[in-house]
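Now for the letters of each chain:
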Number of protein chains: 2
Amino acid sequence: MQRYFVTKDSIADGIVTITGGDVHHIVRVMRMEQGDEIICSDNDKRTYRCRISSLHNEAIQATILEEYGQKSELPVAVTIAQGLPKGDKLEFITQKSTELGASCVLPFSARRSVPKWDEKKAGKKIERLNKIAKEAAEQAHRDRIPKVEKLHSFQELLGRMKDYQHCIVAYEEVARQGEPSLLAKALARVQRKQSLLVIIGPEGGLTPEEVEKLKEEGAALCGLGPRILRTETAPMYVLSAISYYFE
Amino acid sequence: MQRYFVTKDSIADGIVTITGGDVHHIVRVMRMEQGDEIICSDNDKRTYRCRISSLHNEAIQATILEEYGQKSELPVAVTIAQGLPKGDKLEFITQKSTELGASCVLPFSARRSVPKWDEKKAGKKIERLNKIAKEAAEQAHRDRIPKVEKLHSFQELLGRMKDYQHCIVAYEEVARQGEPSLLAKALARVQRKQSLLVIIGPEGGLTPEEVEKLKEEGAALCGLGPRILRTETAPMYVLSAISYYFE
């Protein structure tokens with residue numbers, strides 16, 4: 001069943017009112033009619049199965065049938081801190097991280113990041129990434145839309161580490177040094193409902209200096225298996241492993 | 001260090017001779033010179049660290065320095081049987097499955113597969129996919145290049161199941177029925193060095209009839225977490241989980 005995210009105040013008296021871009025999606029893309037069922041989520045605690053009661057070009061109303069019990073959120077709140085990669089890879093990472101259950105994507109400018117965003121463009125880019133996260137969350141039947149945060153400098157990233165209960169750094173050199181189980185050890189320390197920051201370098205990886213600073217701030221270094229993963233594959237590996245481990 | 005796959009008979013008397021497309025890569029793309037080091041693998045059991053001793057436009061010779069000890073193959077031989085997806089997704093799946101350690105990619109025409117390949121095009125497409133697998137294997141520091149097999153019909157896929165010691169089907173309906181740990185149970189039955197066939201539907205999934213037939217042939221149905229994954233994300237989830245579990 002198709003899922004749509006609505007604001008909290010669009011749910012009132014057993015009726016959900018849908019406006020904006022989702023109206024076009026329901027009417028034109030899905031070609032739904034009165035009587036069809038959809039899932040509406042308020043992007044927080046409430047998710048309902050609803051039946052469409054009226055369709056107009058500006059707004060759609062749907063009657064709440066029942067609370068939708070199935071929960072689809074990862075038991076750990078995972079933030080993917082991604083060193084700014086080339087091209088449209090950040091869009092890909094946002095889409096796949098949303099599917100695989102991330103709570104947040106936090107791009108940062110790493111030493112080896114090739115693209116440089118100017119402030120004017122950055123706002124538009126982040127806006128677009130948040131739209132991608134919303135659409136991917138709807139398709140993946142998530143209960144929450146992950147947030148894509150503003151581009152952080154490396155210094156700002158260091159400052160944010162204290163906001164998380166655990167922090168791991170994907171660092172292929174550790175795997176090469178023959179210590180394969182560091183990720184398992186790090187995940188064993190994480191409890192359900194805790195927060196975890198996963199830091200991933202751009203193409204070419206983090207520099208030894210960056211890794212040193214992250215270690216000083218308390219991050220655990222982990223390898224992601226014996227093969228060399230591209231920067232955009234690393235978050236998928238970590239999120240899949242976390243889902244497998246906790247779910 | 002850059003890695004290249006060579007044929008077995010291009011290794012003789014302590015010298016590796018590289019010909020074909022890799023010459024262009026070494027000379028023009030990597031701009032390597034005499035004395036630079038590379039890794040050469042015979043796509044079977046032998047991987048060597050080598051030093052380039054001569055460069056010509058037709059062939060490059062490299063002297064073997066030592067056996068390269070680090071192994072990067074998954075301990076289980078995983079074949080991803082992928083229901084033919086839309087657009088260029090099979091290229092993406094081939095690249096990512098190679099990075100994540102698959103031994104083989106086997107595309108098949110599922111009931112809900114939208115693209116239809118004619119025989120003339122199919123050969124070229126499979127050739128291109130094998131080239132993508134080779135390049136991804138080099139970049140990921142694999143010891144073997146995964147094979148991309150010819151497009152199978154669903155009936156042919158059923159016939160191939162007996163070639164594998166274990167077979168699982170990614171089926172989201174199982175996850176919805178509230179049995180989250182079937183993948184873990186299935187992986188617990190797999191021993192190192194055994195072979196595992198992972199069957200994944202195209203967009204829209206496998207039909208209930210297809211799932212029934214696979215079940216009759218002895219496949220185990222598994223969910224891939226409580227979220228709905230796109231067809232191209234499912235193989236990555238399974239391979240990451242297998243790597244995490246076995247490595």
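Parameters and conventions
- Residues numbered from 1 in each chain as written.
- Chains lettered and ligands numbered in written order.
- Predicted model: local features only at pLDDT ≥ 70, side-chain atom pairs only at ≥ 80, totals over all residues.
- Heavy atoms only, no water.
- Helix = DSSP H or I, 4+ residues; strand = E, 2+ residues; numbered from the N terminus.
- Rg over C-alpha atoms; globule rule 2.2 N^0.38 Å.
- Buried < 20%, exposed > 50% of the residue type's maximum accessible area, 1.4 Å probe, protein only.
- Contact = heavy atoms within 4.5 Å.
- Areas by Shrake-Rupley, 256 points an atom, 1.4 Å probe, with all protein chains shown as cover.
- Lys, Arg positive; Asp, Glu negative; His and termini not counted.
- Charge placed at Lys NZ, Arg CZ, Asp CG, Glu CD.
- Salt bridge = Lys/Arg side-chain N within 4 Å of Asp/Glu carboxyl O.
- Core = buried A, V, L, I, M, F, W, Y, C linked by side-chain atoms within 4.5 Å.
- Buried area = accessible area lost by both parts, 1.4 Å probe.
- pLDDT = per-residue confidence, 0-100.
- Least-squares fit on C-alpha atoms with pLDDT ≥ 70 in both.
- Pairing = 2+ DSSP bridges.
- Axes fitted to C-alpha atoms, helices over the stretch in contact; angles between N-to-C directions.

A.B. asks: Please explain the overall build of chain A as it appears in this structure.
C.D. replies: The helix and strand tally for chain A stands at 8 helices and 13 strands. For 247 residues, the compact-globule estimate of 2.2 N^0.38 gives 18 Å, and chain A sits close to it at 20 Å. Along the first, second and third principal axes, the C-alpha atoms of chain A reach 60 × 40 × 30 Å. Every one of the 247 residues in chain A was classed for burial, and the buried ones make up 53%. The long-range fraction of contacts in chain A, counting pairs at least 24 apart against all pairs at least 6 apart in sequence, stands at 74%. Of the roughly 11,600 Å² that chain A leaves accessible, carbon and sulfur atoms contribute 48%. Each charge class in chain A can be summarised by its mean position, and for the 37 positive and 35 negative side chains these summaries are 3 Å apart.

A.B. asks: Teacher, can you tell me more about the pattern of salt bridges here?
C.D. replies: A side chain with one charge can pair with a side chain of the opposite charge if their charged atoms come near. Tallied over the full model, the rule gives 44 salt bridges over all chains. The closest approach of N and O atoms between Arg 128 of chain B and Glu 91 of chain B, which form a salt bridge, is 3.1 Å. Of this pair, Arg 128 of chain B sits in helix α3 (residues 119–139) while Glu 91 of chain B sits in helix α2 (residues 89–99), and the two are 37 residues apart along the sequence. Here the salt bridges do not stand alone but share partners, grouping Lys 89, Glu 203, Arg 230 and Glu 232 of chain A together with Lys 96 and Glu 99 of chain B into one network.

A.B. asks: What is the right way to read the environment of His 166 of chain A from this model?
C.D. replies: Residues and elements named next belong to chain A. Looking at where His 166 falls in the secondary structure, it is placed in strand β11 (residues 166–170). Along the sequence, His 166 and Gly 14 sit 152 residues apart, while their C-alpha atoms lie 40 Å from each other. Apart from the residues within four sequence positions on either side, His 166 is in contact with Arg 189, Val 190, Gln 191, Gln 194, Ser 195, Leu 196 and Leu 197.

A.B. asks: What's the story with the nonpolar core in this structure? I'm lost.
C.D. replies: The nonpolar side chains of soluble globular proteins are, as a tendency, buried together. Core analysis: the biggest nonpolar cluster contains 60 residues, and Val 78, Leu 183 and Leu 196 of chain A together with Val 78, Leu 183 and Leu 196 of chain B have the highest contact counts within it. Non-local contacts of Leu 183 of chain B, meaning those with residues more than four positions away in its chain, are made with Tyr 244 of chain A together with Ile 168, Cys 222, Gly 223, Leu 224, Tyr 237 and Ala 241 of chain B.

A.B. asks: I tried to follow the interface of chain B and chain A on my own but got confused; where do I start?
C.D. replies: When the parts come together, some accessible area is lost, and that loss is often what is quoted as the size of the interface. Between chain B and chain A, the residue contacts involve 39 residues of the former and 39 residues of the latter. Regarding the contact of chain B and chain A, the summed buried area is about 3,300 Å², with carbon and sulfur atoms giving 52% of it. Three residues, Arg 227, Arg 230 and Tyr 244 of chain B, lead the burial of chain B against chain A; their summed loss comes to 25% of the area buried on that side. Here Arg 227 of chain A and Glu 247 of chain B are joined by a salt bridge, their closest N and O atoms 3.2 Å apart.

A.B. asks: Got a minute to help me understand the side chain of Thr 47 of chain A in this structure?
C.D. replies: All names here are of chain A. Looking at the secondary structure, you find Thr 47 in strand β5 (residues 47–55). Accessibility expressed as a relative area gives 1% for Thr 47, which makes it buried. With near-sequence residues (within four places) excluded, Thr 47 lies in contact with Arg 3, Ile 39, Cys 40, Ser 41, Glu 66, Glu 67, Tyr 68 and Asp 143.

A.B. asks: Which parts of the structure should I look at to understand the confidence of the model for chain A?
C.D. replies: Detailed reading of the predicted coordinates is not advisable wherever pLDDT falls low. With 98% of its residues at a pLDDT of at least 70, chain A reaches an overall mean of 91. Overall fold confidence for the complex sits at a pTM of 0.86, while the interface term, ipTM, reaches 0.83.

A.B. asks: Sorry, what's going on with the relation of the copies chain B and chain A here?
C.D. replies: Each copy of the chain is related to the other by a rotation around an axis and a translation along that axis. Overlay of chain B on chain A (RMSD 0.0 Å): rotation 180°, translation along the axis 0.0 Å. The operation mapping one copy onto its partner corresponds to a two-fold rotation axis. No C-alpha of chain B lies nearer the rotation axis than that of Ala 241 of chain B, which sits 2.7 Å from it. In this assembly the copies share their binding face: 100% of the residues contributing to the interface of chain B also contribute to that of chain A.

A.B. asks: I would appreciate a short explanation of the sheet that holds strand β1 (residues 3–5) of chain B in the present structure.
C.D. replies: Backbone-to-backbone hydrogen bonds pair the strands of a sheet. The strands run either parallel or antiparallel. Residues and elements named next belong to chain B. Strands sit in the order β1-β4-β5-β6-β3-β2 across an open sheet of 6 strands; the sheet is mixed. With one partner strand each, in any of the chains shown, β1 and β2 (11–12) form the two edges of the open sheet. Two elements, strand β5 (residues 47–55) and strand β6 (residues 59–67), share 7 bridges in a ladder whose sense is antiparallel. Directly across from Arg 49, in β6, lies its bridge partner Glu 66. Against the sheet, helix α1 (residues 21–29) contacts β1, β3 (15–19), β4 (37–41), β5 and β6, and its axis sits at roughly 95° relative to β3.

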